[in-house]
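Coordinate inspection notes
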Amino acid sequence: MSETVTKPKARAKPKVERPKLYKVILLNDDYTPRDFVVTVLKAVFRTTAEQAYRVMLTAHQLGACVVAVYTKDVAESKAEEATEAGRIAGYPLTFTTEREE
Ligand code: TYC
């Protein structure tokens, strides 16, 4: 009776690519009330009141501030949701996304 000897296969090394990450950036404007910006940051990005205030103030003083970093889909949908919340309330509040280096 013949015996079949199976050589162990070379283990395939799975190549796991890291997903590209995107920053959500808050832009300053002259019209949106500070409290409204803080409310949107807390609601959409789940920040604490302190984090939201710090991000709002940084954007206010420097013109823009990175809010958070996500995968592309999440970054784009959160930026859109937050910008839309401003638009509905009649403010020019704007969030953009930018690919991380
Ligand atoms: N600059 C606005 C004001 O003085 C407040 C504000 C802060 C608006 C940050 C947008 O991203 C922003 N009322």
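Residues numbered from 1 in each chain as written. Predicted model: local features only at pLDDT ≥ 70, side-chain atom pairs only at ≥ 80, totals over all residues. Heavy atoms only, no water.

1. Quick word on the sheet that holds strand β1 (residues 21-27)
Here is the rule we go by: At least two bridges found by DSSP between two strands are what make those strands a pair. Only DSSP runs of H or I reaching four residues or more are called helices, and only runs of E reaching two or more are called strands; each is numbered from the N terminus. Between N-to-C directions, angles cover 0 to 180 degrees, with each direction set by a line fitted to C-alpha atoms, over the stretch in contact for helices. Only heavy atoms matter for contacts: two residues are in contact if any of them lie within 4.5 Å across the pair.
Taking strand neighbours across the sheet as the criterion, the three strands line up as β2-β1-β3 in an open arrangement whose pairing is antiparallel. Both outer strands of the open sheet, β2 (64-71) and β3 (94-99), are each paired with one neighbouring strand and no more. Direction aside, neighbouring strands of the sheet carry axes that sit 30° apart on average. Where β1 and β3 come together, six bridges link them in antiparallel fashion. Across the sheet, the residue bridging to Leu26 is Phe95, located in β3. Across the face of the sheet, helix α2 (residues 49-62) comes into contact with β1 and β2 while running at roughly 130° to β2.

2. Comments concerning the site of the ligand
To keep things clear, this is the line we draw: Whether a residue is near a molecule or strand depends on its heavy atoms: it is near if one of them lies within 4 Å of it. Between N or O atoms, a polar contact is any pair within 3.5 Å; within protein, one atom must be a potential hydrogen donor and the other a potential acceptor, and residues adjacent in sequence are included only when both atoms are from side chains. Accessible areas in this description were obtained via Shrake-Rupley with a 1.4 Å probe; residue shielding takes into account the shown protein chains only.
In the vicinity of the ligand, the contacting residues are Leu26, Leu27, Asn28, Asp29, Thr32, Arg34, Val37, Met56, Ala59 and His60. Asp29 is positioned with one of its backbone polar atoms (N or O) 2.7 Å from a nitrogen atom of the ligand. In this structure, a nitrogen atom belonging to the ligand sits 3.0 Å away from a main-chain N or O atom of Thr32. The fraction of the free accessible surface of the ligand (350 Å²) that becomes covered by protein chains is 88%. Among the secondary structure elements, those contributing two or more residues to the shell around the ligand are β1, α1 (34-45) and α2. In terms of residue count, α2 provides more of the shell around the ligand than any other element does, three residues in total.

3. Some thoughts on helix α3 (residues 72-88)
Owing to its 3.6 residues per turn, the α-helix aligns residues three or four sequence positions apart on the same side. The cut-off we apply is this: Helices are assigned an expected span. That span is 1.5 Å times one less than the residue count. Buried residues are those whose accessible area, probed at 1.4 Å on protein chains only, stays under 20% of the maximum for their type, while exposed residues exceed 50% and partly exposed ones sit between those limits. The arc refers to the directions leading from the helix axis to the C-beta atoms.
Taking 1.5 Å as the rise per residue, α3 with 17 residues should run 24 Å; its terminal C-alpha atoms sit 24 Å apart, in good agreement. Within α3 the residues assigned to the buried category are Ala75, Lys78, Ala79, Ala82 and Gly86. Looking down the long axis of α3, one finds its buried residues gathered within 100° of arc, a one-sided arrangement. In α3, those exposed residues whose orientation departs by more than 90 degrees from the buried face are Asp73, Glu80, Arg87 and Ile88. Residues of α3 that are buried make contact with β1, α1, β2 and β3. Positive phi appears at Gly90, one or two residues downstream of α3, with a value of about 90°.

Read these as spatial facts, not as claims about activity.
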